[in-house]
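In case you want the letters, here they are:
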Amino acid sequence: MSEKETVTTEQVTVRRSPKFLTFMVLGIIVGIIVALILTFALPNDSQFTLTQIFGFLLLFTGTIGGTLGLIFALIVDRYFSRHVTSATAEKISVTKD
C-alpha cells in the first residue's frame, strides 16, 4: 500500500482572545470576598443576622463583580484585536491508495 500526501498552504490570521467565563468567575470570586469583608466591617444594628447580611451583599457584589469581570474581558479582547498577525498554515492530507 502506498500513501499519497497532499500539502495545501493557506494564509491565516492569528488573534488571541481572552476566555470570558474565566474573567466572569474571577469577578464573582472577588465579589464574594468583598461581600465577606463588608459583612464584618459594617456595624450590625439591624434585625438581620450576619448570614442574611452576607447573602444580601453577595447578591449585589457577586453580580457587580461578574459584570466588571466581563467588561474587563471586553477591554482585553479589544486590545488583542488590534494585534492581529498573519501566518502561513500547511494542511497535510494523507490518503491510502
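Residues numbered from 1 in each chain as written. Predicted model: local features only at pLDDT ≥ 70, side-chain atom pairs only at ≥ 80, totals over all residues. Heavy atoms only, no water.

Asks: Quick one: what's the story with the confidence of the model for the chain, residue by residue and with numbers?
Replies: For the chain, per-residue confidence averages 89 on the pLDDT scale, and residues scoring 70 or more make up 99% of the total. Across the chain, the secondary-structure element scoring lowest on mean pLDDT is strand E1 (residues 3-14), at 86, and the one scoring highest is helix H1 (residues 20-41), at 94. (pLDDT = per-residue confidence, 0-100. Helix = DSSP H or I, 4+ residues; strand = E, 2+ residues; numbered from the N terminus.)

Asks: I'd like to hear about the packing of aromatic side chains, residue by residue, with values.
Replies: Scanning the model with the defined rule gives three aromatic pairs in all. Geometrically, the ring pair formed by Phe23 and Phe72 is tilted, given 5.6 Å between the ring centres and 50 degrees between the ring planes. Linking Phe23 in helix H1 with Phe72 in helix H2 (residues 50-81), this pair joins segments that are 49 residues apart in sequence. By relative accessible area, which is 21% here, Phe23 ends up partly exposed. A cation over an aromatic ring shows up here: Arg16 above the ring of Phe80, its NZ or CZ 5.3 Å from the ring centre. (Phe/Tyr/Trp six-rings, centres within 6.5 Å; stacked < 30°, edge-to-face > 60°. Buried < 20%, exposed > 50% of the residue type's maximum accessible area, 1.4 Å probe, protein only. Lys NZ or Arg CZ within 6 Å of the ring centre and 35° of its normal.)

Asks: Go over the side chain of Asp77, please, and point to the residues and values.
Replies: Take Asp77: it is sitting in helix H2. Excluding its chain neighbours within four sequence positions, the residues that come into contact with Asp77 are Arg15, Ser17, Pro18 and Phe20. (Contact = heavy atoms within 4.5 Å.)

Asks: Quick one: what's the story with a nonpolar patch on the surface, residue by residue and with numbers?
Replies: There is a patch of nonpolar side chains on the surface, built from Phe48, Phe56, Leu59, Phe60, Ile64, Leu68, Ile71 and Ile75 and spanning about 830 Å² of accessible area. Tracing the backbone shows Leu68 in helix H2. Its relative accessible area of 53% is what places Leu68 among the exposed residues. (Patch = residues over 30% accessible without salt bridge, like charges linked within 9 Å, V, L, I, M, F, W, Y side chains within 5 Å. Areas by Shrake-Rupley, 256 points an atom, 1.4 Å probe, with all protein chains shown as cover. Salt bridge = Lys/Arg side-chain N within 4 Å of Asp/Glu carboxyl O.)

Asks: Kindly report on the pairing of E1, identifying the contributing residues and their values.
Replies: Buried residues are scarce in E1, accounting for zero of its twelve residues. Note: E1 against strand E2 (residues 85-96), twelve bridges, orientation antiparallel. Note on E2: the bridge partner recorded for Thr13 is Ser86. (Pairing = 2+ DSSP bridges.)

Asks: Tell me about the pattern of salt bridges, residues and numbers included.
Replies: Under the defined criterion, the tally for this structure stands at one salt bridge. A salt bridge links Asp77 to Arg15; its shortest N-O distance comes to 2.6 Å. Note that Asp77 is positioned in helix H2 and Arg15 in the loop between E1 and H1, a separation of 62 residues in sequence. Assessed through its relative accessible area of 40%, Arg15 is described here as partly exposed.

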